[in-house]
Amino acid sequence: MAWWKESVVYQIYPRSFKDSNGDGIGDLKGITSKIEYLRKLGIDVIWLSPIYKSPNDDNGYDISDYQTIMDEFGTMKDFDELLETAHQNGIKIMMDLVVNHSSDEHSWFVESKSSKDNIKRDWYIWKPGKNGNEPTNWEASFKGSTWEYDETTGEYYLHLFSKKQPDLNWENPSLRREIYNMMTWWLDKGIDGFRMDVINFISKDTRYPEGEIIEGKKYGNGSKYYMNGPRIHEFLQEMNKEVLSKYDIITVGETPGVTPDEAKLYTGHNRNELNMVFQFEHMGLGDGSEGKWSNQPWKLSDLKQTLTRWQKGLEDDGWNSLYWNNHDQPRVVSRFGNDQEYRVVSAKMLATCLHMLQGTPYIYQGEEIGMTNVSFESLDQYKDIETLNAYNELVSGHRLSKEEMMKAIHDRGRDNARTPIHWDGTSNAGFTTGTPWIEVNPNYKEVNVERSIKDKGSIFYFYQKLIRLRKEHEIIVYGRYDLILENDEQIYAYTRSLNEEKLLVICNFSLESPKFTLPEGIEYTSSKLLISNYEVIDDETFTDFVMKPYEARVYKLI
Ligand code: TEU
Ligand code: CA
């Protein structure tokens, strides 16, 4: 038995979760004070976004010391208390492991850049320029070149993200050893696993070829030379042997650009690498020529096809992680549901559709109360480095108008997920007594935890029930997935099968009232409604019925 297959994970972005001391920044003591709330929800594991020492160029994804807690978040004692409280409440803690890069303020990098013969020189990736230019034409995720010139030694260093996030050189065995030691140190402290940031980027094609040129753009796309690179599986198998295999833990790799076939290599049960990966195909729906900043219309059948490919691709080997949002993505109820009149029902429909798939579900903080995207009017209300850099580059480069860019930020920007959690209807939504580091979504009086807890029909209790059902019905974890009504553009329906049982999951993704008709060939003698987001009259038939907007139902058929 693999407990991580049967678990539900809850992601905490500590900066925005709960502030305990009024400085406007969420912290560890704040999280500890809400463990009781998470226990009530019923989750098994917390994934903590980075809490390590950091200058916060990218909110903690730029780490300057892997074994120290970020000043704003508290102390190691606060961490130990959090871990103990979580464990006492039956909740495990999975830490974010960011080892594709460190901060440029990490002492390793400070040494590395000090001279060409420093012992840590080779812990990062240094190259001379090429004909007075950068070593390659690659574009960084946060725009600009992936190379930064450093005057001290007259060479460039690689940074796939911001220039304050230099990439670590995994080719170097002592760097790898140091990382394994650090991981062991955390595991010995009693943590329960790792979520590994862009872990499929750690092995680069060391020939450093030029990236594909994209018309009209200054920099090219080098991703095929660092995504799923030549030594990636060797490195992960080594990490597994040296560290992971010695503990009973949960591991999930963040792996942009992976296909189901590649995911099998990362998660297959004889591979000795990771338990599961986060794939991005369903998150990229609608991406246009400027990626997520130029949104195109997409169809429900695209989403169904994508998720189905993953469900079928990993049904015999490997394991799926299931998510609708995280700290890098917009709020799901705004993106795939309806954040106005049908906010509550559509949030429940989306939860149903995701939690009934095969895999380990992840809930992102605030999703369980149906938090929505935020539309700040002015750019200076935004804090995210990705958003701000993209704005500068795309708007000043005349690739998008200001209006188009603000619309794209409202739809897809990362700060949608990073506004503070709404605990109640008091000022700043009960997140802080001070001034929050980023403004609170103005709808907090309507959407907040206190109201959800008081209302038996809330999204919160719906998630609680989904989690409970998973513990009661093995089929939700292990049943085989099959798509039905493949071409329907309003209804996403599928079955799950295990032994003599079936689940029938029917979700209406539209504002309209399409008719659901059960396809022939699904045999059963009795049926039972497990969960629904509208009241269903007992004797109502489900083989043929008109669905209400965003309606969702799950039946167990025997
Ligand atoms: O994200 C990696 C990643 O691919 C992101 O660029 C993501 O696709 C993008 O933000 C969505 O537009 C991870 C972390 O989750 C992210 O918060 C970090 O900024 C990034 O790595 C660098 O550590
Ligand atoms: Ca604080």
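So, how was this worked out
- Residues numbered from 1 in each chain as written.
- Chains lettered and ligands numbered in written order.
- Predicted model: local features only at pLDDT ≥ 70, side-chain atom pairs only at ≥ 80, totals over all residues.
- UniProt positions renumbered as here; feature names shortened; annotations may be inferred.
- Helix = DSSP H or I, 4+ residues; strand = E, 2+ residues; numbered from the N terminus.
- Rg over C-alpha atoms; globule rule 2.2 N^0.38 Å.
- Buried ≥ 20, exposed ≤ 12 C-beta atoms within 10 Å, placed from the backbone.
- Domains from an automatic or database assignment.
- Near = placed C-beta within 6 Å.
- Nonpolar A, V, L, I, M, F, W, Y, C, P; charged D, E, K, R; others polar.
- Contact = placed C-beta atoms within 7 Å.
- Axes fitted to C-alpha atoms, helices over the stretch in contact; angles between N-to-C directions.
- Parallel < 35°, antiparallel > 145°, perpendicular 65-115°, else oblique.
- Left-handed = near helix turned anticlockwise from the far one by under 90°.
- pLDDT = per-residue confidence, 0-100.
- Pairing = 2+ DSSP bridges.
- Expected span 1.5 Å × (residues − 1).
- Arc of directions from axis to C-beta.

An unreviewed UniProt entry lists the protein under the name oligo-1,6-glucosidase, with Neobacillus ginsengisoli as the source organism. In the Catalytic activity (unreviewed entry) part of its UniProt record, the protein is described as follows: "Hydrolysis of (1->6)-alpha-D-glucosidic linkages in some oligosaccharides produced from starch and glycogen by alpha-amylase, and in isomaltose." Listed under Sequence similarities (unreviewed entry) in UniProt, the entry text for the protein is "Belongs to the glycosyl hydrolase 13 family."

(A) View of the overall build of the protein. From N to C terminus, the protein includes 15 helices and 20 strands. Its C-alpha atoms give the protein a radius of gyration of 24 Å, within 12% of the compact-globule value 24 Å for 558 residues. Its C-alpha atoms give the protein principal-axis dimensions of about 80 × 55 × 50 Å. Across the 558 residues of the protein, 49% fall into the buried class.

(B) Quick look at the domain arrangement of the protein. Assigned domains of the protein: these are domain 1 (8-102 + 173-462), domain 2 (107-158) and domain 3 (480-557). Between the C-alpha centres of domain 2 and domain 3 there is a distance of 56 Å.

(C) Geometry of the site of ligand 1. Around ligand 1, 14 residues are found, and the nearest of them are Tyr61, Ser141, Phe161, Pro256 and Asp328. By residue class, the composition of the shell around ligand 1 is 5 nonpolar, 2 polar and 7 charged.

(D) Geometry of the environment of Leu28. Considering the arrangement of structural elements, one finds Leu28 in helix α1 (residues 28-32). Since 27 C-beta atoms lie within 10 Å of it, Leu28 is described here as buried. Excluding residues within four positions of it along the chain, Leu28 makes contact with Pro14, Ile51, Phe73, Gly74, Asp78, Phe79 and Leu82.

(E) Layout of the packing of helix α11 (residues 385-396) against helix α12 (residues 402-412). The geometry of α11 relative to α12 is characterised by a closest axis approach of 10 Å and an angle of 155° between their N-to-C directions. Between α11 and α12, the interaxial angle falls into the category roughly antiparallel. Here the hand of the crossing between α11 and α12 comes out right-handed. Between α11 and α12, the contacting residues are Thr387, Tyr391, Leu394 and Val395 on the first element and Lys402, Met405 and Ile409 on the second.

(F) Looking closely at the confidence of the model for the protein. Here the protein averages 97 in pLDDT, and 100% of its residues register 70 or above. Scoring the predicted complex yields pTM 0.98 and, for the interface, ipTM 0.97.

(G) The arrangement of the sheet that holds strand β8 (residues 155-158) in detail. Strand order across the open sheet formed by 3 strands is β6-β8-β7, with antiparallel pairing between neighbours. Single-partner strands in this sheet number two, and they are β6 (126-127) and β7 (147-150). Across 2 bridges, the pairing between β6 and β8 is antiparallel. By the bridge assignment, Trp126 is partnered in β8 with Tyr157.

(H) Here's a closer look at helix α3 (residues 76-88). The end-to-end C-alpha distance of α3 is 18 Å, a good match for the 18 Å that 13 residues give at a rise of 1.5 Å each. Buried residues of α3: Phe79, Leu82, Leu83 and Ala86, and no others. Projection of α3 onto a plane perpendicular to its axis shows the buried side chains occupying an angular sector of 95°, all on one side. For α3, the exposed residues lying more than 90 degrees away from the buried face are Lys77, Glu84 and Gln88. Buried residues belonging to α3 abut α1, α2 (35-41), β2 (45-48), β4 (65-69) and β5 (92-97). One or two steps after α3, the chain reaches Gly90, where phi turns positive at roughly 75°.

(I) Summary view of the sheet that holds strand β1 (residues 9-12). In spatial order, the strands read β11-β10-β9-β5-β2-β1-β13-β12; together these 8 strands make up an open sheet with parallel pairing. Of all strands in the sheet, those bounded by a partner on one side alone are β11 (276-278) and β12 (321-322). Of the strand pairs in this sheet, β1 and strand β13 (residues 360-364) are connected by 3 bridges, and their pairing is parallel. Among the inter-strand pairings, Gln11 is bridged to a residue of β13, identified as Tyr364.

(J) A look at the UniProt feature "domain: Glycosyl hydrolase family 13 catalytic" (unreviewed entry) in the protein. On the UniProt side, "domain: Glycosyl hydrolase family 13 catalytic" (unreviewed entry) is annotated at positions that read residues 11-418 here. The span residues 11-418 carries 30% helix and 12% strand; its end-to-end C-alpha distance comes to 12 Å.

(K) Representation of the packing of helix α10 (residues 343-355) against helix α14 (residues 459-472) within the structure. For the pair α10 and α14, interaxial distance at closest approach is 10 Å and the crossing angle is 15°. As summarised for this structure, α10 and α14 are arranged roughly parallel, according to the angle between their axes. Handedness of the crossing formed by α10 with α14: right-handed. Contacts between α10 and α14 involve Val344, Ala347, Lys348, Ala351, Thr352 and His355 from the former and Ile459, Phe462, Tyr463, Leu466 and Arg470 from the latter. For the contact of α10 with α14, the residue count by class is 7 nonpolar, 2 polar and 2 charged.

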